[in-house]
Amino acid sequence: MLNGHFESAGASIEYGAAGCLFPVDDLNATVYQYRDAQLALDDVDGSNVIVVAPTSLATSYFLTQHAPTAISIESLSPAAQTEIGAALEAPLDTFDLIQIGKWNRDRPNHSLAEFTNA
């Protein structure tokens, strides 16, 4: 299962403030998706990750449908770094990655047999 840093993230930015990151396929930056994103995120502490947060039902739907993605902050253009940095309270250079997309938590696999005595 994919592990993201939504609960341990060092910062979050609203979807609207992250407009320079979309569409991700057009970015001239180091972008990891799917399994590669998981591996990149596993290599950094959650406090060094910025997550893109939804601001409405529509942006929530968009983000949950988006491929799990991690973007290297240092590889972003100076203009994109300035735009993202303006939306943060902490200096941008204290972060390594930006996380976008739906992330599934590890959950115990429950059997229906557990509920027969309920």
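Treat the numbers as computed from the prediction; the structure is a model and nothing was measured.

## As for the overall build of the chain
Line of reasoning, step 1. Along its length, the chain carries three helices and five strands.
Line of reasoning, step 2. Secondary structure elements in the chain, listed N-terminal to C-terminal, are β-β-α-β-α-β-α-β.
Line of reasoning, step 3. Burial status across the chain gives 35% buried among its 118 residues.
Line of reasoning, step 4. Considering only intrachain contacts with a sequence separation of at least 6, the fraction spanning at least 24 residues in the chain is 88%.

## Examining the nonpolar core
Line of reasoning, step 1. In terms of nonpolar packing, the biggest core is built from 20 residues, with Leu21, Ile50, Val52, Ile84, Leu88, Ile98 and Ile100 touching the most fellow members.
Line of reasoning, step 2. Only strand S1 (11-14), strand S3 (49-53), helix H3 (78-86) and strand S5 (97-100) provide two or more residues apiece to this core.

## Focus: the pairing of strand S4 (residues 69-72)
Line of reasoning, step 1. Every second residue of S4 is oriented toward a common face, with Thr69 and Ile71 on one face and Ala70 and Ser72 on the other, all of them buried.
Line of reasoning, step 2. Pairing analysis gives three bridges linking strand S2 (residues 31-33) to S4, with the strands arranged antiparallel. When the sheet's bridge partners are listed, Tyr32 is paired in S4 with Ala70.
Line of reasoning, step 3. Where S4 and S5 come together, four bridges link them in antiparallel fashion. Residue Ile71 lies in a different strand from S5, and its bridge partner there is Ile98.

## Details of the packing of aromatic side chains
Line of reasoning, step 1. For the structure shown, the criterion picks out three aromatic pairs.
Line of reasoning, step 2. Taken together, a centroid distance of 5.2 Å and an interplanar angle of 45 degrees make the contact between Tyr15 and Phe22 tilted.
Line of reasoning, step 3. According to the relative accessible area criterion, Tyr15 is partly exposed, its value standing at 22%.
Line of reasoning, step 4. Phe22 sits in the buried class, given a relative accessible area of 16%.
Line of reasoning, step 5. An aromatic cluster is defined as three or more aromatic residues linked by ring pairs; in this entry it consists of Tyr15, Phe22 and Phe62.

## Comments concerning the sheet that holds S3
Line of reasoning, step 1. Strand order in this open sheet of five strands is S1-S3-S5-S4-S2, and the pairing throughout is mixed. In this open sheet, the two edge strands, each paired with only one partner strand, are S1 and S2. When the angles between neighbouring strand axes are averaged without regard to direction, this sheet yields 25 degrees.

## Focus: the environment of Gln65
Line of reasoning, step 1. Among the structural elements, Gln65 can be located in helix H2 (residues 57-65).
Line of reasoning, step 2. The class for Gln65 is exposed, based on a relative accessible area of 53%.
Line of reasoning, step 3. Gln65 sits 36 residues away from Gly101 along the chain, and the two C-alpha atoms are 6.9 Å apart.

## Thoughts on helix H1 (residues 35-42)
Line of reasoning, step 1. Burial in H1 covers these residues: Ala37, Gln38, Ala40 and Leu41. Projected onto a plane normal to the axis of H1, the buried residues spread over an arc of 165 degrees and lie on a single side.
Line of reasoning, step 2. Packing partners of the buried residues in H1 comprise S2, S3, S4 and S5.

Conventions and cut-offs
Residues numbered from 1 in each chain as written. Predicted model: local features only at pLDDT ≥ 70, side-chain atom pairs only at ≥ 80, totals over all residues. Heavy atoms only, no water. Helix = DSSP H or I, 4+ residues; strand = E, 2+ residues; numbered from the N terminus. Buried < 20%, exposed > 50% of the residue type's maximum accessible area, 1.4 Å probe, protein only. Contact = heavy atoms within 4.5 Å. Core = buried A, V, L, I, M, F, W, Y, C linked by side-chain atoms within 4.5 Å. Pairing = 2+ DSSP bridges. Phe/Tyr/Trp six-rings, centres within 6.5 Å; stacked < 30°, edge-to-face > 60°. Axes fitted to C-alpha atoms, helices over the stretch in contact; angles between N-to-C directions. Arc of directions from axis to C-beta.

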